[in-house]
Amino acid sequence: MTDRVVKALAAIDAANDLDPTLEDGAPAARLYGERMTAELERLFPAASEGLQIAARGQHIERWLLPRKDFPEGRQGYLEWRREQGRRHAARVGAIMAEAGYSEDEVAQVEKMLRKEGIKRDAEVQALEDVICFTFLRHYFAPFAPSQEPEALLKIVEKTARKMSAEGRARALAEFDLPEPFAAAFRA
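Residues numbered from 1 in each chain as written. Predicted model: local features only at pLDDT ≥ 70, side-chain atom pairs only at ≥ 80, totals over all residues. Heavy atoms only, no water.

## A short note on a positive patch on the surface
Quick reminder of the rule: Patch membership is restricted to residues that have no salt bridge and whose relative accessible area is over 30%. Joining uses 9 Å for like charges and 5 Å for the nonpolar side chains Val, Leu, Ile, Met, Phe, Trp and Tyr. Surface accessibility in these figures is a Shrake-Rupley result with a 1.4 Å probe; residues are shielded only by whichever protein chains are displayed. For this document, the term salt bridge refers to a Lys or Arg side-chain nitrogen within 4 Å of an Asp or Glu carboxyl oxygen. Counting rule for charge: Lys and Arg are taken as positive, Asp and Glu as negative, and neither His nor the chain ends is counted. Charge placement uses NZ in Lys and CZ in Arg. For Asp and Glu, CG and CD serve respectively. Only DSSP runs of H or I reaching four residues or more are called helices, and only runs of E reaching two or more are called strands; each is numbered from the N terminus.
Residues R74, K154, K158 and R161 make up a contiguous surface patch of positive charge. Looking at the positive patch, the element that brings in the most residues is helix α7 (residues 149–162), giving three residues. Along the chain, the position of R74 falls in helix α4 (residues 73–99).

Listed below in structure tokens is the structure:
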């Protein structure tokens with residue numbers, strides 16, 4: 001790892017260490033970033049520095065913009081997600097600039113964090129696959145009981161649609177998904 005990436009990752013971790021929400025005894029945002037990095041290393045061991053930074057910074061300071069500050073329902077949720085993506089991109093971009101990355105390198109990571117180019121840009125798609133694997137591995141089981149069966153199936157279908165064909169195939173191989181969830185990954 002270069003000095004620049006080490007500096008950027010350390011700054012992201014320091015920001016996320018301030019998350020007041022604890023999960024398994026650690027700040028939730030820090031734990032999420034570490035889980036994203038672990039999935040990235042498994043799925044894309046030759047990932048660029050930009051992709052490494054985007055993965056670690058995916059939820060940087062997420063707690064600063066609570067979901068409750070946006071209207072209820074799908075539209076409010078989508079507005080919150082877009083604003084989170086914009087904020088994450090800006091915050092990580094500033095960290096990268098401070099670490100010595102060029103404007104073009106910063107712009108590519110900001111694009112990844114805003115999820116611009118899913119299915120068209122290989123790095124944006126790789127980040128999305130990592131996000132989906134992190135969700136499936138660490139967050140799906142605790143989340144599932146809070147959802148009605150039909151709503152949960154829709155969430156799984158949306159997750160599968162966001163993934164690359166390779167990511168879906170790998171998810172089928174790695175996770176013991178019951179039907180009809182598995183069917184969403186075969187579609």
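## Describing the packing of aromatic side chains
Stated precisely, the cut-off is as follows: Side-chain rings of Phe, Tyr and Trp, where Trp is taken by its six-membered ring, are said to pair if the distance between their centres is within 6.5 Å; with planes under 30 degrees apart they count as stacked, over 60 as edge-to-face, and otherwise as tilted. Categorising residues by exposure relies on relative accessible area from a 1.4 Å probe, with only protein chains included: less than 20% of the type maximum marks a residue as buried, more than 50% marks it as exposed, and the intermediate range marks it as partly exposed. Here, a charge over a ring means that NZ of Lys or CZ of Arg falls within 6 Å of the ring centre while also lying within 35 degrees of the ring normal.
Within this structure, the stated rule accounts for six aromatic pairs. Between the aromatic rings of Y32 and Y139, the centroid separation amounts to 5.8 Å while the plane-to-plane angle is 50 degrees, which identifies the pairing as tilted. Pair noted here: Y32 is in helix α2 (residues 28–43) and Y139 is in helix α6 (residues 122–143), with a separation of 107 residues, a long-range link. Here Y32 matches Y139 in class, with each residue buried. Aromatic pair F135 and F140: ring centres 5.8 Å apart, planes at 80 degrees, arrangement edge-to-face. Assigned by exposure class, F135 and F140 land together as buried. Here a set of aromatic residues connected by ring pairs shows up, and it is made of F135, F140, F143 and F181. Over the ring of Y101 we find R4; its NZ or CZ atom is 3.9 Å from the centre of that ring.

## Overview of the packing of α2 against helix α3 (residues 49–57)
Inclusion rule: Axis definition: a line fitted to C-alpha atoms, limited for helices to the stretch in contact. Angles are taken between N-to-C directions and run from 0 to 180 degrees. Contacts: residue pairs with any heavy atoms within 4.5 Å of one another. Lys, Arg, Asp and Glu make up the charged group, whereas Ala, Val, Leu, Ile, Met, Phe, Trp, Tyr, Cys and Pro make up the nonpolar group; the residues left over, Gly among them, are polar.
Remark: α2 packs on α3, axes separated minimally by 7 Å, with the N-to-C direction vectors making an angle of 145 degrees. On α3, the residues that touch G33, E34, M36, T37 and L40 of α2 are L51, Q52, A55 and R56. Split into classes, the residues belonging to the contact of α2 with α3 amount to four nonpolar, three polar and two charged.

## Here's the deal with α2
Note the threshold: One less than the number of residues in a helix, times 1.5 Å, gives the span that helix is expected to have.
Between its terminal C-alpha atoms α2 stretches 22 Å, which fits the 22 Å expected from 16 residues at 1.5 Å a residue. If you check which residues of α2 are buried, you get A28, A29, L31, Y32, G33, R35, M36, T37, E39, L40 and L43. Against the buried residues of α2 lie α1 (3–16), β1 (22–23), β2 (26–27), α3, α6 and α8 (165–174).

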